[in-house]
Amino acid sequence: MDESVLSPHVYTQQADSVAFHLLGRRLVRYTSEGVLAGLITETEAYLPDGDPANHASRGETPRNASMFLAGGHWYVYLVYGVHYCLNLVTGREQSGEAVLIRGVSPTHGHEHIRANRPNVAPRDLTNGPAKLTKAFAIDTDWDGTFLADSSLTITETDTHPPNEEIHTTDRVGISKARDRFLRYVWVGSPQY
DNA sequence: GGTGGGATTAGCT
DNA sequence: GCTAATCCCACCA
């Protein structure tokens, strides 16, 4: 793989635009045992406009501090005491916005991914925000790291889906401000 | 200082 | 469909 790291022109935009542009690009994790990678198939934007579902909406705390870094940093947190969620911080420093990576389609390191997700059907390996962090063994070690300077990154690809393959829907899994069309799904994305 | 609720998932009824 | 798992911390007292 000789793809370049995601351009600052993408991750410095606001979260809804970044969520759109991340579809089809590649999430890549480098490990001592090889490369794990997958095309991003589902994202969700959290904007800094008073959205109560945004972790940054009530100001900076130790937990959400990474969300106030400049666009291009990772924000990783633990939900329900059990699962990790991976977000790419977007926009300018201190703006407090991010994109949740909700799904990928594996392209590299299939064996390693399967080993991290025992007893799971192929289509369920990485089709959820906590499923993909488990599959890629991503945890809070990456919280606050910068994508261009981390063993976890996103690369440019020639696989950005055509507009008609991108559907926007209301968000899921949250109780506040659900009725906003900030979830982006690449329908018909390649399935492993 | 106590309490309640998560940006979820898997397993069971 | 329902619920347990299990940690952090925001919020109220």
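No experiment lies behind these values; they were computed from the predicted model shown.

A.B. asks: Explain the protein's contact with DNA strand C to me, using residue names and the numbers behind them.
C.D. replies: Every residue near DNA strand C is listed here: Arg58, Thr61, Arg63, Leu78, Tyr80, Gly81 and Val82. Residues belonging to the surface near DNA strand C are distributed by class as follows: 3 nonpolar, 2 polar and 2 charged.

A.B. asks: If you had to explain the packing of aromatic side chains to someone new, which residues and values would you point to?
C.D. replies: In total, this model carries 3 aromatic pairs according to the counting rule given. With centroids separated by 6.0 Å and ring planes inclined at 90°, the aromatic side chains of Tyr11 and Phe146 adopt a geometry described as edge-to-face. Separated by 135 residues along the polypeptide, Tyr11 in helix α1 (residues 8-11) and Phe146 in the loop between α4 (129-135) and β6 (152-155) bring together distant segments of the chain. Consider the rings of Tyr75 and Tyr77, whose centres lie 5.3 Å apart with planes at 25°: the pair is stacked. What makes Tyr75 buried here is its relative accessible area of 1%. On the accessibility criterion, Tyr77 (11% relative accessible area) is buried.

A.B. asks: Which residues make up unusual backbone geometry, and what are the values?
C.D. replies: With a phi angle near 55°, Tyr80 is a residue other than glycine that sits in the positive phi range. Non-glycine residue Gln94 carries a positive phi angle of around 75°.

A.B. asks: Residues and numbers for the nonpolar core, please.
C.D. replies: One finds Leu22, Leu27, Trp74, Leu86, Leu88 and Ile154 to be the most contacted residues of the largest nonpolar core, which totals 35 residues. Counting residues in hydrophobic clusters, the runner-up holds 12 residues, among them Tyr75, Cys85, Ala98 and Leu100.

A.B. asks: With reference to specific residues and values, describe the pattern of salt bridges.
C.D. replies: Here the structure, examined in full by the defined rule, presents 5 salt bridges. Note that Glu3 and Arg26 form a salt bridge whose closest N and O atoms lie 2.7 Å from each other. In this pair, Glu3 sits in the segment before α1 while Arg26 sits in strand β1 (residues 26-31), placing the two residues 23 residues apart along the sequence. Classification of Glu3 as partly exposed rests on a relative accessible area of 24%. Glu42 is the partner of Arg183 in a salt bridge, and the nearest nitrogen-oxygen pair spans 2.8 Å. Of this pair, Arg183 sits in strand β8 (residues 183-186) while Glu42 sits in strand β2 (residues 34-46), placing them 141 residues apart in sequence. In this structure, Arg183 and Glu42 share a single accessibility class: buried.

A.B. asks: Which residues make up the environment of Asn116, and what values go with them?
C.D. replies: Along the polypeptide, Asn116 turns up in helix α3 (residues 110-116). Look past the residues within four positions of Asn116 in its chain and what remains in contact with it is Lys134, Ala135, Phe136 and Ala137. At 2.7 Å, the side chain of Asn116 forms a polar contact with the backbone oxygen of Ala135.

A.B. asks: Any chance you could break down the pairing of β1 for me, citing the residues and the numbers?
C.D. replies: With 5 of 6 residues buried, β1 lies mostly within the body of the structure. Bridge analysis of β1 against β2 gives 6 bridges, and the strand direction is antiparallel. Bridge pairing links Tyr30 to Val35 in β2. Between β1 and β2, which pair antiparallel in sequence order, lie 2 residues. One ladder, built from 4 bridges, connects β1 with β6; its direction is antiparallel. In the strand pairing of β6, Arg26 is matched with Thr155.

Calculation rules
Residues numbered from 1 in each chain as written. Chains lettered and ligands numbered in written order. Predicted model: local features only at pLDDT ≥ 70, side-chain atom pairs only at ≥ 80, totals over all residues. Heavy atoms only, no water. Near = heavy atom within 4 Å. Nonpolar A, V, L, I, M, F, W, Y, C, P; charged D, E, K, R; others polar. Phe/Tyr/Trp six-rings, centres within 6.5 Å; stacked < 30°, edge-to-face > 60°. Helix = DSSP H or I, 4+ residues; strand = E, 2+ residues; numbered from the N terminus. Buried < 20%, exposed > 50% of the residue type's maximum accessible area, 1.4 Å probe, protein only. Core = buried A, V, L, I, M, F, W, Y, C linked by side-chain atoms within 4.5 Å. Salt bridge = Lys/Arg side-chain N within 4 Å of Asp/Glu carboxyl O. Contact = heavy atoms within 4.5 Å. Polar contact = N/O pair within 3.5 Å; in protein donor to acceptor, adjacent residues only side chain to side chain. Pairing = 2+ DSSP bridges.

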